[in-house]
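Remarks on the overall topology
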Amino acid sequence: MKKRLNENKRFNTQGRLVWSILAKKQVRMRMKLLTFTRENIFILAILMVGTFLRLDRLGELMPLIGDQGWFYLSARDMILTGNIPLVGITSSHTWLHQGPIWTYMLAGALWISNFNPVSGAALAALIGTGSIFLIYKIGEEFFSKKIGLVAALIYATSPLIIIHERLAYHTSPIPFVVLVLIYSLLKVLKGKPIYLPIVALSISLLYNFELATVVFIPVVLFVLALGIYKKEKWVKRINNRKIIVLSMLGLLIPMIPILIYDLGHGFPQTLKFGVWFFYKGFQLIGLVEKQSNESFMGTVQFFVDKAALLIFAPNALISIIAIAVSIIVAGFFIFKKRDILSPLGIVLALTVVGLLGFFAAGARSEAYLPMLFPGIILLTSFSIYYLFDKKLLATLIVLSASILNAVFIVQNNYLVDTSPGYGPSLERRVEVVDKIIKQANGRKYNLDGRGEGSEFESFTMNYEYLLWWRGNPPSSEKQNLIFVIDEKQDRIDVTIK
């Protein structure tokens, strides 16, 4: 009897112990589920805010500059005639063209929307929303969950990024593709060789969207070479016939239209561009004398003016200090750890090389800036949490800055119809177009431009598309009736020549 009581007591004790362990595990699971749910709520809220800021009053306040008009006309003609363009708009060097992929994407949006011009900007905005999630994913997976959320919040509310992602232009998808490049390259370094073809595809797509992004190619090649030199484990995994073939296809397929164009035009997009790229590199390191008329300090000032809108729009000085400190902190951290192949090292390398490429080009064009957005935001997010011991303080700083950025961009009408700004809004341009149609009264007419920017062929192409969309396009033949468009900061003047 006593033995049985001892056994029952032992059984009850063991049972209580088992139930205690199970209860603790259940509590932990609930806590994990609660944390997961909370993070999901945060990123969902950030995505909602970012989407709103990219789509808010888009039909009224969408920018539509002349160069965008070039793409709209090219995409329209592709749909109506079936002729597929092999290249895009000319670059700042007129013998070079951007790739045609944005034209194809825009054509799809216009076809679905029955040629409504807002559809192009909506496409860019939705790609921008995807970038918010992707930068969160990179931060969360390769740094920390908090850094991922901070990066997503800064990216979602950055005025400069919002402006570019409300713009139906070939540069709009660049941040998304750069983020794909970063993510896939880091995955390769983590031993996932199947992501190498995505790295190759990203490089090819970036070339299509903006020629200046070729500066990332040396970084990728350096990473691969360093991995081979250090005999990293992931190098053996990518040394696979299937991976190599898929990578070659990823690099080649987006380039097919450009290669076809090159065959009939003396290879300006590949061979000549390659020679020119090395020439600019030699200029950067001083082996070749620079011929550009653009002053270096002028390029610096241009970058400062634009970068001021990237981190904290209400105060330019804070923005520039934040960017500079972020690069210095990341550089110090990498030097201390001596691990250039770490996630931070990869992001820093891509960002620094991108900046060097921007200043080497010497062209004061915003088209070169979107390739820098992801790296700068990720470095800033990392530095904020590295510098502040009190994480709550860092969170409050980021949240306050993001709210002020969002208020700034909304109150300033997304910097259209403002001075200085990004030109007249779509609504104002449509009013001008309707005025021209009314004054033409069914007569054939031509368009002409006057004022700043009118020396470029694309100056009136946005109006040409809108006039066609509204049902009365300008004539391709010379006419006696000529409407002259003169864009000023606060108005659009239309006169008859």
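Residues numbered from 1 in each chain as written. Predicted model: local features only at pLDDT ≥ 70, side-chain atom pairs only at ≥ 80, totals over all residues. Heavy atoms only, no water.

**Some thoughts on the overall build of the chain**
Each helix and strand counted, the chain has 21 helices and three strands in total. Taken across its 497 residues, the chain has 49% of its residues classed as buried. In the chain, 73% of the contacts between residues at least 6 apart in sequence involve partners at least 24 apart. Just so you have it, the chain exposes about 25,400 Å², and 64% of that area is on carbon and sulfur atoms. (Helix = DSSP H or I, 4+ residues; strand = E, 2+ residues; numbered from the N terminus. Buried < 20%, exposed > 50% of the residue type's maximum accessible area, 1.4 Å probe, protein only. Contact = heavy atoms within 4.5 Å. Areas by Shrake-Rupley, 256 points an atom, 1.4 Å probe, with all protein chains shown as cover.)

**Here we look at the sheet that holds strand S1 (residues 446-450)**
The three strands are arranged S1-S2-S3 in an open sheet whose pairing can be described as mixed. The open sheet has two edge strands with one neighbour each: S1 and strand S3 (492-496). Sheet twist, expressed as the average angle between the axes of neighbouring strands with direction ignored, equals 25°. As judged from the five bridges shared by strand S2 (residues 482-487) and S3, these two strands associate in the antiparallel manner. Note on S3: the bridge partner recorded for Asp486 is Asp493. (Pairing = 2+ DSSP bridges. Axes fitted to C-alpha atoms, helices over the stretch in contact; angles between N-to-C directions.)

**As for the nonpolar core**
Grouped together as the largest cluster of nonpolar side chains are 128 residues, with contacts concentrated most on Leu310, Ile377 and Ile436. Among the elements that line this core, the one with the most residues is helix H8 (residues 174-189), at 11 residues. Counting seven residues, the second largest nonpolar core, distinct from the first, contains Leu96, Tyr207, Leu211 and Ile258. (Core = buried A, V, L, I, M, F, W, Y, C linked by side-chain atoms within 4.5 Å.)

**Side note on the environment of Met105**
By secondary structure assignment, the location of Met105 is in helix H4 (residues 101-112). C-alpha separation for the pair Met105 and His170, spaced 65 residues apart in sequence, amounts to 9.5 Å. Excluding residues that lie within four positions of it along the chain, Met105 makes contacts with Leu123, Ile127, Pro173 and Phe209.

**Quick look at the packing of H4 against helix H9 (residues 196-209)**
Where H4 meets H9, the closest approach of the two axes is 8 Å, and the angle between their N-to-C directions is 85°. The pairing of H4 with H9 is recorded here as roughly perpendicular in orientation. Together, Ile101, Trp102 and Met105 of H4 and Leu205, Asn208 and Phe209 of H9 make up the contact between the two elements. (Parallel < 35°, antiparallel > 145°, perpendicular 65-115°, else oblique.)

**Re the pairing of S2**
With five of its six residues buried, S2 lies for the most part within the structure. Summarising the sheet, S1 and S2 pair through five bridges and their orientation is parallel. Residue pairing for S2: Asn446 is matched across the bridge by Ile482. Crossover connection from S1 via helix H21 (residues 461-469) to parallel S2: handedness left-handed. (Right-handed = clockwise from strand over helix to strand, strands pointing away.)

**As for the side chain of Arg166**
Within the fold, Arg166 resides in the loop between helix H7 (159-164) and H8. Although buried, Arg166 forms no salt bridge, and the nearest oppositely charged side chain, Asp56, lies 5.5 Å from it. Polar contacts involving the side chain of Arg166 include one to the main-chain carbonyl oxygen of Leu53, which spans 3.2 Å. A polar side-chain atom of Arg166 sits 3.4 Å from the main-chain carbonyl oxygen of Arg54. (Lys, Arg positive; Asp, Glu negative; His and termini not counted. Salt bridge = Lys/Arg side-chain N within 4 Å of Asp/Glu carboxyl O. Polar contact = N/O pair within 3.5 Å; in protein donor to acceptor, adjacent residues only side chain to side chain.)

**Things to note about a nonpolar patch on the surface**
Together, Ile194, Val245, Leu246, Leu249, Leu252, Ile253, Ile256, Leu259 and Ile260 make up an exposed nonpolar region whose accessible area comes to about 730 Å². Going through the elements one at a time, helix H12 (241-252) and helix H13 (256-263) are the ones with two or more residues in the nonpolar patch. With four residues, H12 is the largest single contributor of residues to the nonpolar patch. Take Ile260: it is sitting in helix H13. (Patch = residues over 30% accessible without salt bridge, like charges linked within 9 Å, V, L, I, M, F, W, Y side chains within 5 Å.)

**Things to note about helix H20 (residues 426-440)**
With 15 residues, H20 extends 21 Å between its outermost C-alpha atoms, agreeing within 8% with the 21 Å of an ideal straight helix rising 1.5 Å per residue. When H20 is considered as a whole, its buried residues turn out to be Leu426, Arg428, Arg429, Val430, Val432, Val433, Ile436 and Ala440. Where the residues of H20 are buried, they touch helix H2 (58-61), helix H5 (118-142), S1, H21, S2 and S3. Just beyond H20, the residue with positive phi is Asn441, at close to 55°. (Expected span 1.5 Å × (residues − 1).)

**Things to note about the environment of Phe333**
Here Phe333 is to be found in helix H16 (residues 316-337). Among all residues touching Phe333, those that are not within four sequence positions of it are Leu344, Phe382 and Tyr386.

**Details of the confidence of the model for the chain**
Residues of the chain with pLDDT of at least 70 account for 89%, and the chain-wide mean is 88. Segment residues 7-11 is flagged for pLDDT under 50; beyond a separation of four residues in sequence, or across chains, it makes zero contacts in the model. (pLDDT = per-residue confidence, 0-100.)

**Digging into the pattern of salt bridges**
Under the defined criterion, the tally for this structure stands at 13 salt bridges. With a shortest N-O distance of 2.8 Å, Arg470 and Asp434 are connected by a salt bridge. Within this pair, whereas Arg470 is found in the loop between H21 and S2, its partner Asp434 is found in helix H20, the two being separated by 36 residues in sequence. A relative accessible area of 40% means that Arg470 is categorised as partly exposed. Owing to a relative accessible area of 31%, Asp434 belongs among the partly exposed residues under this scheme.

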